[in-house]
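A look at the structure
What follows is each chain in one-letter form.
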Amino acid sequence: MRRLLILALIAGLSGCRAARNDPRTVVFLIESSPASLDPRIGTDGQSERIDELLFDGLVARDRNFRFTPALAERWDRPDPLTLIFHLRTGVRFHDGRTLTSRDVKWTIDSMRNGAVISPKANAYSSVAAIDATDGSIVVFHLKRPDNFLLTNLSTGAMGIVPEGSGRDFWQHPIGTGPFRFVSQQIDQDVVVESNPQSWSHVPEIERVRFSIVPDAITASLELEKGSGDVAINSLPMDALPVLAARSNLLVEDTPGTELQYLNFNLRDPLLNDGRVRQAIACAIDRQTLVQTLLRGHARLAESMLPPTHWAWTGDVARYDFDPARAEMLLDASGHPRGAGGIRFHLTMKTSTQEETRLLAAVLQQQLGRVGIALDLRGYETATFLADVRRGAFQLYSLRWIGGNEQPDIFSYVFSTASFSPAGANRSHYSNARLDALLDDAARSVDTARRRMDYAEAQQTLARDLPAFNLWYLDTIVVHSRRLTHVEPSASGSYSFLETARLGD
């Protein structure tokens with residue numbers, strides 16, 4: 001019924017006259033408002049993707065994850081505990097201020113000293129002190145070797161903010177990136193425009209309005225009638241073939257690295273039992289979900305890392321769809337079926353986004369078959385994310401966007417030192433052996449040794465299952481033909497806007 005409704009609604013617009021957009025503005029349809037456009041704070045997908053346009057890191061990463069110059073034109077590592085960055089000269093913030101080493105020091109220190117409460121703070125726990133006595137040189141003194149500091153100082157992971165930026169910085173963010181902030185109306189839109197002072201290049205697109213359209217069907221209709229120009233990974237899969245047939249639209253699909261996952265709260269008495277978590281995984285028919293909900297536009301995941309990553313291993317415990325095994329694990333964990341065949345109730349929190357609600361509804365059906373009654377609770381996105389960050393959940397499903405392309409994601413999400421809100425260990429999972437493996441991998445200069453550490457870490461996580469990796473989503477970009485030179489990235493970032501062009 002839902003598929004027929006989507007197709008009928010979209011097909012019904014074939015006779016409608018397309019709305020005309022401002023010829024200078026790209027209307028980019030996104031599902032929710034960014035939680036915070038302060039790059040020190042925002043960790044949701046919309047925040048990080050828009051922040052990447054507004055802010056620059058000290059370094060950048062190319063398509064092969066190699067580091068390249070950004071705000072730092074070069075850097076030196078005279079010893080394992082010292083990292084020296086030489087800043088570009090003449091770089092200006094959007095308000096005209098000149099970038100100096102003091103801005104870099106402030107950005108990192110404001111998280112480390114608690115001036116800004118940041119879930120990213122733990123990523124800089126290796127930093128002992130930062131010297132910024134020379135305006136163009138920043139010296140990081142480390143407590144211990146840290147192989148991931150460059151990653152955590154790169155564009156997309158951390159943008160440099162002006163010295164003195166406080167907790168209200170998100171209201172009018174100022175960076176050095178190729179686009180600059182214009183305005184934000186919560187749950188309505190975010191507007192950015194080309195930065196004519198950009199040190200790297202000035203985008204040809206003059207203005208982008210990120211229009212908040214939570215309903216995926218509505219977003220499809222906006223693209224069809226021409227009032228929206230582009231959307232990424234947010235449209236109903238059923239609608240894609242219809243949209244691809246429209247003369248005014250293009251659909252571009254590439255294998256992606258965005259990871260959909262299911263997270264468990266290990267402080268919960270039921271979910272603290274690994275057998276219950278494994279049973280839930282065995283009760284989920286991922287392949288059917290990929291074929292039905294996603295129409296095949298995803299690959300099953302056995303690790304957080306993309307399978308092309310040098311540290312990925314597939315030699316891990318697997319949880320293929322096996323209801324009989326799920327039943328056995330639940331019986332062994334002391335939860336026999338009771339009245340009505342129900343073993344126990346669990347609550348899954350979701351946002352109000354259509355795709356999230358559909359996934360939760362199917363999980364409710366699948367878990368119900370093994371005696372787990374899954375109660376669904378939908379919340380406005382900001383409330384949902386706030387509950388996730390403070391650990392007020394039993395189950396939830398979200399995506400890792402970009403961050404899972406580097407192996408420091410394991411420390412950020414699963415180390416004991418990363419319990420939220422300081423980090424993203426929202427499961428409150430703790431394993432001393434895993435901590436030791438991740439610490440060794442972060443410090444070692446031996447790539448082979450690091451690969452062994454990460455292989456064992458992935459095996460440990462697959463066995464203990466504090467979170468269940470579902471699938472890697474394809475990057476699917478639907479855009480109007482007036483938007484050209486669109487080059488989607490595997491991570492689904494919005495960086496193509498920096499080089500795309502807008503015609504009539």
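Residues numbered from 1 in each chain as written. Predicted model: local features only at pLDDT ≥ 70, side-chain atom pairs only at ≥ 80, totals over all residues. Heavy atoms only, no water.

1. Section: the overall build of the protein
Put simply, the rule reads: Under the scheme used here, helices are H or I runs from DSSP no shorter than 4 residues and strands are E runs no shorter than 2 residues, and both carry numbers assigned from the N terminus. All radius of gyration figures rest on C-alpha atoms, and the globule criterion is 2.2 Å times the number of residues raised to 0.38. In this description, contact between two residues means that some pair of their heavy atoms is separated by no more than 4.5 Å. Surface accessibility follows the Shrake-Rupley procedure with a 1.4 Å probe radius. Residue values consider only the protein chains on display as shielding. Counting rule for charge: Lys and Arg are taken as positive, Asp and Glu as negative, and neither His nor the chain ends is counted. Charge positions are represented by NZ for Lys, CZ for Arg, CG for Asp and CD for Glu.
A tally of regular secondary structure across the protein gives 14 helices and 19 strands. The C-alpha atoms of the protein give 23 Å as radius of gyration, which agrees with the globular expectation for 504 residues (23 Å, within 12%). Here the C-alpha coordinates of the protein stretch approximately 70 × 65 × 40 Å along the principal axes. Contacts in the protein between residues at least 24 apart in sequence constitute 70% of all its contacts with a sequence separation of at least 6. Total accessible area computed for the protein in this model is approximately 20000 Å², and 51% of it derives from carbon and sulfur atoms. Of the side-chain charges in the protein, 54 are positive and 60 negative, and the distance between the mean point of each set is 2 Å.

2. Concerning helix 7 (residues 274-283)
Note on helix geometry: an α-helix contains 3.6 residues per turn, so any two residues three or four positions apart are oriented the same way. As a reminder, the rule being used: Three labels apply to residues, based on accessible area from a 1.4 Å probe with only protein chains included: buried if under 20% of the type maximum, exposed if over 50%, partly exposed otherwise in between.
Summarising burial for helix 7: eight of the ten residues are buried, a large majority. Considered for burial, the residues of helix 7 that qualify are Val 276, Arg 277, Gln 278, Ala 279, Ile 280, Ala 281, Cys 282 and Ala 283.

3. Section: the side chain of Ser 227
Condition: Two N or O atoms count as a polar contact when they lie within 3.5 Å, although within protein this holds only if one can serve as hydrogen donor and the other as acceptor, and sequence-adjacent residues are included solely when both atoms are side-chain atoms.
If you trace the backbone, Ser 227 turns up in the loop between helix 5 (216-225) and strand 11 (230-232). A distance of 2.4 Å separates a polar atom in the side chain of Ser 227 from a polar atom in the side chain of Glu 222.

4. Quick notes on the pattern of salt bridges
The condition is simple: Throughout this description, the term salt bridge denotes a Lys or Arg side-chain nitrogen within 4 Å of a carboxyl oxygen of Asp or Glu.
As enumerated under the stated definition, the model contains 29 salt bridges in all. With its nearest N and O atoms 2.8 Å apart, the salt bridge here joins Asp 38 to Arg 40. Judged by relative accessible area, Asp 38 falls into the buried class, the value being 0%. Between Asp 387 and Lys 349 there is a salt bridge whose closest N-O contact spans 2.9 Å. Here Asp 387 is found in helix 11 (residues 381-389), whereas its partner Lys 349 is found in strand 14 (residues 344-351), with 38 residues between them in sequence. Classification of Lys 349 as buried rests on a relative accessible area of 14%. One network of salt bridges, with partners in common, ties together Arg 49, Glu 258, Glu 355 and Arg 399.

5. Some details on unusual backbone geometry
The residue Asn 233 is not glycine, and still its phi comes out positive at about 50°. Mapped onto the secondary structure, Asn 233 falls in the loop between strand 11 and helix 6 (240-244).

6. Details of helix 9 (residues 323-332)
Spelled out, the test is: By definition, the arc is the one covered by directions from the helix axis to the C-beta atoms.
Listing the buried residues of helix 9 in full gives Ala 326, Leu 329 and Leu 330. Across the axial projection of helix 9, the buried residues extend over an arc of 100°, all falling on one side. Residues of helix 9 that are exposed and angled more than 90 degrees away from the buried face: Ala 324 and Met 328. Buried residues in helix 9 make contact with helix 7, strand 14 and strand 15 (372-379).

7. Comments concerning the side chain of Asp 103
Secondary-structure assignment places Asp 103 in helix 3 (residues 101-112). With residues up to four places along the chain from it excluded, the contact list for Asp 103 reads Phe 93, Thr 98, Ile 160, Val 161, Pro 162 and Glu 163.

8. Considering the environment of Val 290
With respect to the secondary-structure elements, Val 290 resides in helix 8 (residues 286-292). Measuring from C-alpha to C-alpha, the distance between Val 290 and Ile 372 comes to 22 Å, with 82 residues separating the pair along the chain.

9. With respect to empty space enclosed by the protein
What counts, and what does not: Think of a 1 Å grid over the protein atoms and nothing else: a 1.4 Å probe that fits but is trapped marks a cavity, an open set flanked by protein within 12 Å on at least five of seven lines marks a pocket, and residues with an atom within 4 Å of a point count as lining. Grid points are joined across faces, edges and corners, and a volume is the space filled by probe spheres set on the points. Residues are grouped as follows: nonpolar covers Ala, Val, Leu, Ile, Met, Phe, Trp, Tyr, Cys and Pro; charged covers Asp, Glu, Lys and Arg; every other residue, Gly included, is treated as polar.
Evaluation of the coordinates by the stated rule reveals five cavities of 30 Å³ or more. Together, 16 residues line the largest cavity, and Glu 302, Ser 303, Leu 461, Ala 462 and Asn 469 are the ones closest to its centre. Where the lining of the largest cavity is concerned, the elements lending two or more residues are helix 12 (409-414), helix 14 (447-464) and strand 17 (467-480). For the lining of the largest cavity, the per-class residue count stands at twelve nonpolar, three polar and one charged.

10. Structural notes on the sheet that holds strand 7 (residues 137-142)
The condition that has to hold: Strand pairing requires that DSSP identify at least two bridges connecting the strands. Note on definitions: angles span 0 to 180 degrees between N-to-C directions of axes, and those axes are lines fitted to C-alpha atoms, for helices only across the stretch in contact.
Reading across the sheet, the four strands line up as 4-5-7-6 and stay open at both edges, with antiparallel pairing between neighbours. Either end of the sheet is taken by a strand with one partner, and the two such strands are strand 4 (72-79) and strand 6 (127-134). Sheet twist, expressed as the average angle between the axes of neighbouring strands with direction ignored, equals 20°. In this structure, strand 6 lies alongside strand 7, joined through five bridges in antiparallel fashion.

11. What to know about the layout of surface pockets
By volume, the second largest pocket amounts to about 340 Å³. Together, 21 residues line the second largest pocket, and Ala 35, Ser 36, Ile 41, Asp 44 and Arg 389 are the ones closest to its centre. Looking at the lining of the second largest pocket, the element that brings in the most residues is helix 11, giving four residues.

12. Considering the environment of Val 191
The residue Val 191 is located in strand 9 (residues 189-194) in this model. Judged by its relative accessible area of 8%, Val 191 is buried. Each C-alpha atom of the pair Val 191 and Ser 220 lies 21 Å from the other, and the pair is 29 residues apart in sequence. The contact partners of Val 191, leaving out residues within four places of it in the chain, are Arg 180, Phe 181, Val 182, Ser 183, Arg 207, Val 208 and Arg 209.

13. Side note on the pairing of strand 12 (residues 249-264)
Of the strand pairs in this sheet, strand 12 and strand 17 are connected by twelve bridges, and their pairing is antiparallel. The partner of Tyr 261 across the bridge, within strand 17, is Asn 469. Relative to strand 16 (residues 395-400), strand 12 is paired through six bridges, and the arrangement is antiparallel. Across the sheet, residue Leu 259 finds its bridge partner in strand 16, namely Trp 400.

14. Some words on the confidence of the model for the protein
To keep it simple, the criterion reads: Within a predicted model, pLDDT stands for the predictor's per-residue confidence, ranging from 0 to 100.
On average, residues of the protein score 92 in pLDDT, and 95% of them reach the 70 mark or higher. Predicted confidence is poor over residues 1-19, with pLDDT under 50, and the contacts of this stretch with residues over four places away or in other chains come to 31 contacts.

15. Some points on the packing of helix 13 (residues 432-443) against helix 14
Just so we agree on the cut-off: Any angle between 65 and 115 degrees counts as roughly perpendicular, while under 35 counts as roughly parallel, over 145 as roughly antiparallel, and the rest as oblique. Handedness of each helix crossing follows the sense of rotation of the near helix against the far helix: counterclockwise by less than a right angle gives left-handed, clockwise gives right-handed.
Interhelical geometry of helix 13 versus helix 14 gives an angle of 155° and a closest axis separation of 9 Å. The angle between helix 13 and helix 14 places the two elements in the roughly antiparallel class. Seen along the crossing, helix 13 lies across helix 14 with a hand that is left-handed. Where helix 13 abuts helix 14, its residues Arg 433, Leu 434, Leu 437, Leu 438, Asp 440, Ala 441 and Ala 442 lie against Arg 449, Arg 450, Asp 453, Tyr 454, Glu 456, Ala 457 and Leu 461. In terms of residue class, the contact of helix 13 with helix 14 is made up of eight nonpolar, no polar and six charged.

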